[in-house]
Structures are given as structure tokens and as C-alpha cells.
Amino acid sequence: MIAAFCTLGTLAAALPFFALFQLSGYRAVRDRKARKFALSAELSALAAAAVGALAALFAGALTYFALAPLFAVFAVALTVRTLKRFAKTPPRVTARFVRLCASGLFVCAAAGVAAEFAARGAGMRWSGLFAAATYALAPASAYAALALSLPGERAIAAKYKRRCRRALAAKPELLTIAITGSFGKTGVKTYLAAMLSSRYRVFASPKSYNTPAGICLSVAAMPKDAQIFIAEVGARKRGDVAEICKMIEPSYGLVTGVAEQHLETFGSFENVFAAKRELPDHLAAHGGTCCFNTRNGGAARMYRECGCRALSSGDCGDCAIEGVALSAEGSAFTLVFCDGERAECRTRLLGLANIENVALAACAAHDLGVSASEIAAAVAALEPAPHRMQLIKSGALTIIDDSYNANPAGVKNAFDALGLFEGKRAVATQGIVEGGKEGARLNFELGRELAAVADVAIAIGPNAADIERGLASAGYLGKLYVARDLEDAKRLFATALDGASVLLIQNDLPDNY
């Protein structure tokens, strides 16, 4: 009886942590906002345990056991709130989540059995106290379940990686292209696939699948007649890019740029640079080719230092950008290739950053045999990737949805694009949410840049104070609204956006934040 109550109660109290683990990529919770919520879940478990202990001590164990179901309902409600508040995409009950819950059930059952043995002969009142103690240990039980599940998960991941490598090795004629960088990967992947499709049968990893698991799923879904596979390669620490390169063995690569992004896990810009450099290093060791966006300082440095066959796009090089004309309706520009061919391009894509991404994709496409005229035709048909400078009309209001992610270079580009629009301009931003130790500085600088373009600023979440300091230091004269979270910001929109012509939504949530 006691063991059953303890098991189910502790498992329910552990559910918010399981949800946070899923949103954190099944790692220990590290980012600031999620850690804050984890602390609230820990305090909630301790408070419930304390209430239960007092009930058992002064009103008898039966009172505690009567309250236990209410504690469980509270824990489940907290889990739902966690998912609604922190999940960028709707959460799913995946096989891995079920396995984690099964590990949790085992750990909680062990705690419950231990509590029952400890309570034997101690009396009913002490039984309730022991049961309350297991509830207080729910956070530790959740982390124990995560640790217990890791060996099995590593074995499962290794199996899928082997299957991925075998599937690609069985297609020696397949050209595998890897794209990495701190920003622009999905856009460049989409643009490159569109350009190459005029000559080849192309398959690109869907959505933003850029982890080993996502790449394995992509390879499994690849059509048998594909001639080119384009893989987006993400990273949160050094070694991640090298791991994926070992899986897919690319012979061609693109580096979009290097920026101070995901510093909470990388720690420093140099670590970000070293991680992205793992792609050209792999290509150098295997006789491959890599294209670099040399308008970005980090990518330009990598271009100069790399040991593989290297191509460049930017102000000069293998694909030079000339005659840029930007407007709120899109862009016009000319791409000049090293063989003298010119592509006169017009696109609905917004901002200079998108032109740089197009040029990088065109540099690779032209090197792989696509003509300048075919590239220009593909560029004319391009649409922005979802949540990457995507234009949305909502009545009289124009929304620029740049909500997928944020880094200093991307923020500047988004603000520059906003400056192309006439009328009252509003910006809703959470700032750089994974800035680590540099977060305060980065968000202060973001506030200073925001002051130059926004008539209305809506600062959201824990970075709002740093953004507000930056605005003040730049002498901001517009209206400032501060929101606790996204839901609070939405409630402010009716007032804050009154009379606004354009709203930039800058950084909704980063990956699984």
C-alpha cells in the first residue's frame, strides 16, 4: 500500500522534470529560464512533501494518503504548464519519453519499496512521514531516471547511426552536402536545394533537423533515386559537427557564418568557431570542397585557414554580390561568378542577410554545374523559411516573423530590415536567451541597436532589464513595455501596437527552449 502510494506520487512529482529534460534534448537542465522553472518544480515538491509530513505528523498518516492524489494532480498540472510555457513546438509522447518514464517508474518504485520497509514496525504516523520523504526526493529521482536511461539511449542512438552510415555507403554515387554555421543554415539549405533541383534530384533534411537523430530520420526518408543529399548540421558543443560528419561523410560543405550563439553551452566564441571548423577540417581530410560566406568575419577567418578546396561568396571571390537594392517588398542584386557569368536576381526575401545566404548557396550551385540563368530563376521563386524574416499580413499590420532564433549578427540584420519599412515600427523581443556569461552584455548591446529602429519596444522575459538598460543608454524616446513572458506580451499587443504599421517578432524561442 505505502509502496504503491509512494511510487505513483513520486512519479507524478517527477513529471515536470521529465518534460524539461525532453525540451533540453534529454540533457540536464542548463539554460537560465528552464533552470528557474526547475527550481520552482523542486520547491513545489518540497512544499507538498512538507504539507504531507505535517498532515501525517499531526493528523495521522491517513490524512497524508488522502492528500496524496491532490499532490499528484498538482504535479501533472505543473507538467502541462511547463510544456505550454517552454515548448516551441507541440510536445509529443515519443518512444524516448516513454522509456524515460519507464526508468522513472523503476526508480520511484525502488524508493517506494524502501519507504515501506523503513516504515515497518514504526507505526502509521511514521509511514506517512516516510511517504512524504519520497515525494521530496522526486527531483533526485528524476535525475536518477535520466542517468539510468542514458546507457540504453546511447546504444539505441549508435544503432541508428550505424544504419544511417550503411544506407549512405550503399549509395556511392550520392553527393552529400553538409551546411553548418551559427545562423542561416535552414535558409541556405532551402535555397541551395531549389537551385540544384534544376539539374539534379535533390533531397534536403526536412524542417530544422540538424542533430544526429534528425539526420538519421532524414536519411531513412530519402528517396532511392536521390542524387544529392543536403544535410543541415547543428551544434551545441565542440565535437557535435564532427560526429555528424562521421555519420554522413560529406564531400561538399558550406559555412554560413560564426557568431556568439548558444554561448550557454559553448562557453566562448572560440569554442563556437572550433565547432564549426570541424566541417572544413573533415573535408580537408577527405579531399572535399567547402564554400564560405566571407562577409562574416568568422567564416572569412575559417576560409583563410582551411586546408580543403575553398570557395567564397561575398564582396568578391567566387560569387560576388553587386548592385544591391533593398526595400520592404524584397531585394534586387547581381551575382558575379568567377567565370564571368552574371545572375540578375530579384527576390521577395527581406534584408541583406538573405542576400548573403542566397549568394553562398549560389556559389555552391554554380560550382556544381548550375548556370547563372538557372540560379536567377530559382531565386525569383524563393520563399522565406518559416520564422526566418517571414512576412505575414494581419489586416493593416505587417508582421516580420524572425522568431526562430537570435544571435548578434541576426539581430542586426533583422533591425536593418525593419528600418526599410515606413510608419510606426514595433519590436517584440526576448533578446539573446542563450548568451551564457555574455548574456547581459549581448542584451545591453541589443537594446542600444533597438533604440535606433523601434518606435515601440516590447521587452520580454528575464533579459528585459538588460535590454531596457541598453535602450536608456542610447537615449531611446519611444514607448517601452515589459512583459513577464510571451503570454503576457500578447496581452499587451492591443495597447502597444495601436497605430503600428509593422511588428518585428524577434526570437520567439530558440531550439527547444
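Since we're looking at a predicted model, the values are computed, not measured.

### Concerning the overall build of the protein
And step 1. Assigned secondary structure in the protein consists of 18 helices and 15 strands.
And step 2. The buried share of the protein, reckoned over its 513 residues, is 53%.
And step 3. Long-range pairs, those at least 24 residues apart, make up 70% of the contacts in the protein between residues at least 6 apart in sequence.

### Some details on the confidence of the model for the protein
Caution applies to low-pLDDT parts of the model: their predicted coordinates are not meant to be read in detail.
And step 1. For the protein, mean pLDDT is 85; residues scoring 70 or higher make up 81% of the total.
And step 2. Residue range residues 509-513 is modelled with pLDDT below 50. Its contacts to residues more than four positions away, or to other chains, number 23 contacts.

### A few points about a nonpolar patch on the surface
And step 1. On the surface, a cluster of nonpolar side chains totalling about 190 Å² of accessible area is made up of Val324, Leu326 and Leu352.
And step 2. Residue Leu326 is classed as partly exposed on the basis of its relative accessible area of 37%.

### A word on unusual backbone geometry
And step 1. One non-glycine residue with positive phi stands out, namely Lys207, at about 50°.
And step 2. Mapped onto the secondary structure, Lys207 falls in the loop between strand E2 (202-204) and helix H8 (212-221).
And step 3. The exposed category is assigned to Lys207, whose relative accessible area is 65%.
And step 4. Of note, the phi angle at Met389 is positive, near 55°, even though the residue is not glycine.
And step 5. Position of Met389 among the secondary structure elements: in the loop between helix H14 (372-380) and strand E10 (390-394).

### Concerning the sheet that holds strand E11 (residues 397-402)
And step 1. The sheet built from six strands is open, its strands ordered E10-E11-E15-E12-E13-E14 with mixed pairing. A strand with exactly one partner marks an edge of an open sheet, and here the two such strands are E10 and strand E14 (479-483). On average, each strand axis in the sheet is tilted by 20° relative to the strand beside it, whichever way the strands run.
And step 2. In this structure, strand E12 (residues 425-429) lies alongside strand E13 (residues 456-460), joined through four bridges in parallel fashion. Note that in E13 the partner of Ala426 across the bridge is Val456.
And step 3. Against the sheet, helix H18 (residues 486-496) contacts E12, E13, E14 and strand E15 (502-506), and its axis sits at roughly 150° relative to E14.

### Some words on the packing of helix H16 (residues 439-451) against helix H17 (residues 464-473)
And step 1. The N-to-C vectors of H16 and H17 enclose an angle of 45°; their axes lie 7 Å apart at closest approach. One finds that H16 runs oblique with respect to H17. In this structure, the crossing between H16 and H17 has a hand that is right-handed. Within the contact between the two elements, H16 uses Ala440, Asn443, Phe444, Leu446, Gly447, Arg448, Leu450 and Ala451 and H17 uses Asp466, Ile467, Arg469, Gly470, Leu471 and Ser473.
And step 2. In terms of residue class, the contact of H16 with H17 is built from seven nonpolar, four polar and three charged.

### Things to note about the pairing of E10
And step 1. Examined bridge by bridge, E10 and E11 share five bridges and lie antiparallel to one another. Bridging from a neighbouring strand, Gln390 pairs with Asp401 of E11.
And step 2. Hairpin connection from E10 to E11: two residues lie between these consecutive antiparallel strands, with Gly395 at a positive phi of about 65°.

### Concerning the environment of Ala136
And step 1. Within the secondary structure, Ala136 sits in helix H5 (residues 124-136).
And step 2. Separated by 126 residues in the primary sequence, Ala136 and Thr10 have C-alpha atoms spaced 8.0 Å apart.

### Description of the packing of aromatic side chains
And step 1. Summed over the entire model, instances satisfying the criterion amount to three aromatic pairs.
And step 2. Centre to centre, the rings of Phe203 and Phe229 are 6.1 Å apart; their planes meet at 20°, and the pair counts as stacked. Of this pair, Phe203 sits in strand E2 while Phe229 sits in strand E3 (residues 228-232); the two residues are 26 residues apart in sequence, bridging distant segments of the chain.
And step 3. Exposure remark for Phe229: the relative accessible area of 0% places this residue in the buried category.
And step 4. One residue, Lys159, lies across the ring of Tyr160, its end atom 5.0 Å from the ring centre.
And step 5. If you follow Arg301 out to its NZ or CZ, it ends over the ring of Phe273, 3.8 Å from the centre.

### Focus: a positive patch on the surface
And step 1. On the surface, a cluster of positive charge is contributed by Lys159, Arg162, Arg163, Arg165, Arg166 and Lys246.
And step 2. At five residues, helix H6 (residues 138-169) tops the list of elements feeding residues into the positive patch.
And step 3. With respect to the helices and strands, Arg163 occurs in helix H6.

### Looking at the sheet that holds strand E6 (residues 309-314)
And step 1. The nine strands are arranged E2-E3-E1-E4-E5-E6-E7-E8-E9 in an open sheet whose pairing can be described as mixed. Each of the sheet's edge strands pairs with one partner strand only, and the pair in question is E2 and strand E9 (342-347). The mean inter-strand angle of the sheet, taken between neighbouring strand axes irrespective of direction, is 20°.
And step 2. Bridging between strand E5 (residues 289-293) and E6 involves five bridges; their strand directions are parallel. By the bridge assignment for E6, Cys291 is matched with Leu311.

### Remarks on the nonpolar core
And step 1. Phe229 and Ile248 are the most contacted members of the largest nonpolar core, which totals 60 residues.
And step 2. Sequence-distant contacts of Phe229, that is, excluding residues within four places in its chain, are made with Leu168, Leu174, Leu175, Thr176, Ile177, Phe203, Ser205, Ser218, Val219, Met222 and Ile248.
And step 3. Listed in part, the 39 residues of the second largest apolar core include Ile228, Leu311, Phe337 and Leu360.

### As for the pattern of salt bridges
And step 1. For the structure shown, the criterion picks out 25 salt bridges.
And step 2. Between Asp240 and Lys237 there is a salt bridge, with its nearest N and O atoms 2.8 Å apart.
And step 3. We classify Asp240 as buried; its relative accessible area is 10%.
And step 4. Lys237 sits in the partly exposed class, given a relative accessible area of 42%.
And step 5. Members of the salt-bridge network, linked through shared partners, are Glu270, Arg277, Asp281, Arg301 and Glu305.

### Concerning the side chain of Ser208
And step 1. The residue Ser208 is located in the loop between E2 and H8 in this model.
And step 2. Residue Ser208 is classed as buried on the basis of its relative accessible area of 19%.
And step 3. Once you skip the residues sitting within four places of it in the chain, Ser208 turns out to touch Thr186, Glu232, Arg388 and Tyr404.

Cut-offs used in this document
Residues numbered from 1 in each chain as written. Predicted model: local features only at pLDDT ≥ 70, side-chain atom pairs only at ≥ 80, totals over all residues. Heavy atoms only, no water. Helix = DSSP H or I, 4+ residues; strand = E, 2+ residues; numbered from the N terminus. Buried < 20%, exposed > 50% of the residue type's maximum accessible area, 1.4 Å probe, protein only. Contact = heavy atoms within 4.5 Å. pLDDT = per-residue confidence, 0-100. Patch = residues over 30% accessible without salt bridge, like charges linked within 9 Å, V, L, I, M, F, W, Y side chains within 5 Å. Areas by Shrake-Rupley, 256 points an atom, 1.4 Å probe, with all protein chains shown as cover. Salt bridge = Lys/Arg side-chain N within 4 Å of Asp/Glu carboxyl O. Pairing = 2+ DSSP bridges. Axes fitted to C-alpha atoms, helices over the stretch in contact; angles between N-to-C directions. Parallel < 35°, antiparallel > 145°, perpendicular 65-115°, else oblique. Left-handed = near helix turned anticlockwise from the far one by under 90°. Nonpolar A, V, L, I, M, F, W, Y, C, P; charged D, E, K, R; others polar. Phe/Tyr/Trp six-rings, centres within 6.5 Å; stacked < 30°, edge-to-face > 60°. Lys NZ or Arg CZ within 6 Å of the ring centre and 35° of its normal. Lys, Arg positive; Asp, Glu negative; His and termini not counted. Charge placed at Lys NZ, Arg CZ, Asp CG, Glu CD. Core = buried A, V, L, I, M, F, W, Y, C linked by side-chain atoms within 4.5 Å.

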